[in-house]
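Structure assessment
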Amino acid sequence: MAKIYPQTIKGKFRSIKDITLVGLFLLYFLGSWIRWSRGEGNPDQALLIDLPNRRAYLFGIEIWPDEIYYITGALILAALGLFFVTSLLGRVWCGYTCPHTVFTDIFLKIETFFQGDRNKRIRLDSSSYDIDKLARKVATHISWLGIGFLFAFGWVGYFYDIKKLLLDLITLKVSGNATIWLFSLTASTYLFAGFVRQRVCMYMCPYGRFQSAMIDKETVLVTYDSKRGEPRAGEGEQESGDCINCNKCVVVCPMGIDIRDGLQMECINCGLCVDACNSVMEKIGKPLDLIGYKSSVISNDQQKSKTIIKHIFRAKTIIFSLVFVIVAGIMLYSLTNKPTCILSVSKDHGALFTVIPDGSIRNTYDIKIFNKSSSIKDMELIIEGMENIKFMVQDISEYVDKYNLQIKPNEELEYRIFIKIPNDNYSFKQKDIKFILKDLNTNEIIVKQNSFVVSR
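This text gives an overview of the structure that appears in the document. (Residues numbered from 1 in each chain as written. Predicted model: local features only at pLDDT ≥ 70, side-chain atom pairs only at ≥ 80, totals over all residues. Heavy atoms only, no water.)

1. Describing the environment of Glu380
Applicable threshold: Runs of H or I in DSSP of at least four residues are treated as helices and runs of E of at least two as strands, each being numbered from the N terminus. It only takes one pair of heavy atoms within 4.5 Å for two residues to be counted as in contact.
Looking at the secondary structure, you find Glu380 in strand S9 (residues 377-384). Separated by 70 residues in the primary sequence, Glu380 and Asn450 have C-alpha atoms spaced 18 Å apart. Not counting chain neighbours up to four residues away, the residues in contact with Glu380 comprise Lys402, Tyr403, Asn404, Ile436, Leu437, Lys438 and Leu440.

Following this line, the structure appears as structure tokens:
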């Protein structure tokens, strides 16, 4: 495939892309520098995936390995959001916010800065090497590698405390794993954004190939108005359409396609061809939007009026929105109300029950209590479910109604619990009981159920 040399263009959609690019870069690079206090001994980075300690931090929320379902929920939300946007605006995600598109756009800006715009770059590549060409090429590639390293540094910073990473880089004490990731991400960004470019979208990314399943006649896409534009100027017709066949829309396209050929899988809905065509229409005194964001069932006049609302809120988009809101609501509720302590109870695998010398019936259980918070917890353990129930903690020689304990952050306590009830000739063989663990500071309550065996 021949190299594509996109031409620089100014216009409304180019400005939107630039603003989006700056916003995404600020979000990406500044996110890992935000601090969040979690107490002594805990990382103070607001957004951090701490692989050595097997947990992720999202401001005040901690996600543990046993909560991997949150990642599943996040992927479902991402898919639903993508489906919703695609049903409205086609591949606008690809054109404006896809990381590959963003970095390719930056690499093109650097290339243009050092080597000139489209025609100059073509002449430079076709000329023989001299000092000037070598200097321009070297400056371009060094800048590309620098941007690639910045991307790698920003990405690793979400897995490796960013302040420590910077200090370790300065002192050359970066861990082996972090070094591998820095080099590999720098190299892959340099390769994909500098050389592979549109081939990623055309041959590697599956999104373009199944977008047709999500778009319909009401989806707003970058479209050429063939009724107004055809026949093109210079094609032998006595009266030609508004298209003067300048090919401006082709030379600015980062994918190298001709939008006048109709809807194509390669189109990423970036709108640069719209800016290019409108700049020509202004010069020749023709109406704008010969190429524009349009739907096959919404006229230009309707797109500027309130009638477009009914096309936005149609069955497909409403379903995507409702499912998105439901999943997001469930995740938000679960995240904000998830327990900070884990209680597990298992019955002893030995004797089902024991009759102790005073005639009482005793069952034995093993319990584990794990503090997932960053603070010391004062807890109270109570067991309910039967009358006159008493329990004893191993190594403590008395039966009690409740037991108080203290557990440090990230600490797990294990207890063997002996529960007894008077032998009153119960008519049942077993009965459910509840282990209730209460946080005395926050009143958070965790309940686990098990069974008490009375007889065979």
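Next, the rest of the story.
2. Looking at the sheet that holds strand S13 (residues 430-439)
How we decide: Two strands form a pair only when DSSP identifies at least two bridges running between them. Helix axes are fitted only over the stretch in contact, all axes being lines through C-alpha atoms; the angle between N-to-C directions runs from 0 to 180 degrees.
The strand order across the open sheet built from 4 strands is S11-S9-S13-S14, with neighbouring strands paired in antiparallel fashion. The sheet terminates laterally at strand S11 (402-407) and strand S14 (445-453), the two strands that pair on one side only. Between one strand axis and the next, the sheet turns through 25 degrees on average, direction left out of account. The sheet contact formed by S9 and S13 spans 6 bridges and is antiparallel. Note on S13: the bridge partner recorded for Met379 is Asp439.

3. Focus: the sheet that holds strand S1 (residues 47-50)
One open sheet holds the 3 strands; their spatial order is S1-S2-S3, and the pairing between them is antiparallel. Each edge of the sheet is formed by a strand with only one pairing partner; in this case those strands are S1 and strand S3 (61-63). Each strand axis lies, on average, 10 degrees off the axis of its neighbour in the sheet, ignoring direction.

4. Some details on the environment of Phe25
Its place among the elements puts Phe25 in helix H1 (residues 12-30). Spatially, the C-alpha atom of Phe25 lies 9.9 Å from that of Phe103, the residues being 78 residues apart in sequence.

5. Some words on the pattern of salt bridges
What counts is decided by this rule: Every case where a carboxyl oxygen of Asp or Glu lies within 4 Å of a side-chain nitrogen of Lys or Arg is listed as a salt bridge. When a residue's accessible area, from a 1.4 Å probe over protein chains only, is under 20% of the maximum for its type it is buried; when over 50% it is exposed; and in between it is partly exposed.
Applying the stated criterion to the full structure yields 24 salt bridges. Note that Asp242 is salt-bridged to Lys286, the shortest N-O span being 3.6 Å. Of the two residues, Asp242 is situated in the loop between helix H11 (226-229) and helix H12 (248-251) and Lys286 in the loop between helix H13 (272-284) and strand S5 (291-294); the sequence distance between them amounts to 44 residues. Note on Lys286: relative accessible area 37%, which makes it partly exposed. The structure contains a network of salt bridges with shared partners spanning Lys3, Glu111, Asp117, Arg121, Asp125, Lys137 and Arg197.

6. Regarding H13
To be explicit about the condition: To estimate how far a helix should reach, multiply one less than its number of residues by 1.5 Å.
In this model, H13 (13 residues) spans 19 Å end to end at C-alpha, consistent with the 18 Å of a helix rising 1.5 Å per residue. Counted residue by residue, H13 has 10 buried out of 13 residues, so it is predominantly covered. Burial in H13 covers these residues: Leu272, Cys273, Val274, Asp275, Ala276, Cys277, Asn278, Ser279, Val280 and Met281. Buried positions along H13 lie against H1, strand S4 (221-224), H11, H12 and S5. Just downstream of H13 lies Gly285, where phi reads positive at about 75 degrees.

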